[in-house]
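Breakdown of the fold
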Amino acid sequence: MKTRILMVCLGNICRSPLAEGILKSKVDEEKIFVDSAGTSNYHVDDCPDPRSVDIARQNNLDIRSQRGRQFSAEDFDNFDRIYVMDMSNYQDVLSLARNEQDKEKVSLILNEVFPGENVEVPDPYHGGANGFKKVYDMLDEACTIIAEKHQ
Ligand code: 4NP
């Protein structure tokens, strides 16, 4: 059985598409399925934000084929691990959990890098390109650790 990993942010156009693309590039996709979703419905069916596409391309990743979708309670059945970007995403995802098993699947992605510190991946949507570079570097570090765990 493939391990299934879901990356979640608010819009599913800036942070989680990068997390999806970065993790996919570091794992064997025969063994691990990676997807992403947003807690909101603001960008359902939208392409990733051009600033995420740019920073991905600068790192030799093409995330243009991704499309936005909204997180739903069914995702607890379809995924083994759910990584969220910030505490707001964490609360929104947990509010849809049906039991303890659902809740245990959810964690802040940067707790992989800084265990127990609850560091957030900041929402870069209202900022400039530098914010996307910072987000990329944070997610790259976290995804390296996640990929190593799933060798
Ligand atoms: P994301 O960024 O959660 O990293 O995809 C955002 C994208 C869109 C909005 C907020 C955050 N928005 O309000 O439309």
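Relevant structure appears above.
What counts, and at which threshold
Residues numbered from 1 in each chain as written. Predicted model: local features only at pLDDT ≥ 70, side-chain atom pairs only at ≥ 80, totals over all residues. Heavy atoms only, no water. Helix = DSSP H or I, 4+ residues; strand = E, 2+ residues; numbered from the N terminus. Rg over C-alpha atoms; globule rule 2.2 N^0.38 Å. Buried < 20%, exposed > 50% of the residue type's maximum accessible area, 1.4 Å probe, protein only. Contact = heavy atoms within 4.5 Å. Areas by Shrake-Rupley, 256 points an atom, 1.4 Å probe, with all protein chains shown as cover. Lys, Arg positive; Asp, Glu negative; His and termini not counted. Charge placed at Lys NZ, Arg CZ, Asp CG, Glu CD. Pairing = 2+ DSSP bridges. Right-handed = clockwise from strand over helix to strand, strands pointing away. Axes fitted to C-alpha atoms, helices over the stretch in contact; angles between N-to-C directions. Core = buried A, V, L, I, M, F, W, Y, C linked by side-chain atoms within 4.5 Å. Near = heavy atom within 4 Å. Polar contact = N/O pair within 3.5 Å; in protein donor to acceptor, adjacent residues only side chain to side chain.

**Observations regarding the overall build of the protein chain**
Each helix and strand in the protein chain was counted, giving six helices and four strands. Computed over its C-alpha atoms, the radius of gyration of the protein chain comes to 14 Å, within 12% of the 15 Å expected for a compact globule of 151 residues. Projecting the C-alpha coordinates of the protein chain onto the three principal axes gives extents of approximately 40 × 35 × 30 Å. Residues counted as buried form 46% of the 151 residues belonging to the protein chain. In the protein chain, 72% of the contacts between residues at least 6 apart in sequence involve partners at least 24 apart. Here the protein chain has roughly 7700 Å² of accessible surface; of this, 46% comes from carbon and sulfur atoms. Positive and negative side-chain charges of the protein chain, numbering 18 and 27 respectively, have mean locations separated by a distance of 2 Å.

**Quick look at the pairing of strand β2 (residues 32-38)**
For β2, the tally of buried residues reaches six of seven residues, placing the bulk of the element in the interior. Across seven bridges, strand β1 (residues 3-9) lies against β2 in parallel orientation. Bridge assignment links Ile 5 to a residue of β2, and that residue is Val 34. Regarding the hand of the β-α-β motif, the stretch spanning β1, helix α1 (residues 15-26) and β2 is right-handed.

**Some remarks on the sheet that holds β1**
In space, the four strands of this open sheet follow the order β2-β1-β3-β4, with parallel pairing throughout. Edge positions in the sheet fall to β2 and β4 (106-108), since each has one partner strand and no second. Ignoring which end each strand starts from, the neighbouring axes of this sheet average 25 degrees apart.

**Here we look at the nonpolar core**
Core analysis: the biggest nonpolar cluster contains 31 residues, and Met 7, Leu 18, Leu 23, Met 85, Ile 109 and Leu 139 have the highest contact counts within it. Mapped onto this core, the elements with two or more residues apiece are β1, α1, β2, α2 (50-58) and α6 (129-149). Tallying contributions element by element places α6 first for this core, with eight residues. When sequence neighbours within four positions are dropped, the list of residues in contact with Leu 23 reads Ile 5, Met 7, Val 34, Cys 143, Ile 146 and Ala 147. Of all hydrophobic cores here, the second largest spans 13 residues; its members include Leu 6, Phe 71, Phe 76 and Ala 97.

**Describing the site of the ligand**
Contacts to the ligand come from Cys 9, Leu 10, Gly 11, Asn 12, Ile 13, Cys 14, Arg 15, Tyr 42, His 43, Asp 123 and Tyr 125. Asn 12 has a polar backbone atom sitting 3.2 Å from an oxygen atom of the ligand. Contacts to the ligand include Ile 13, whose backbone N or O atom sits 3.1 Å from an oxygen atom. In isolation the ligand offers 350 Å² of accessible surface; the protein chains occlude 90% of this area.

**Some points on α2**
Burial in α2 covers these residues: Ser 52, Val 53, Ile 55 and Ala 56. Where α2 is buried, its residues meet α1 and α6. Measuring from the backbone nitrogen of Arg 51 back to the side-chain oxygen at the start of α2 gives 2.8 Å, which picks out Asp 49 as the cap. Immediately beyond the C-terminal end of α2, within one or two residues, lies Asn 60, with a positive phi of roughly 65 degrees.

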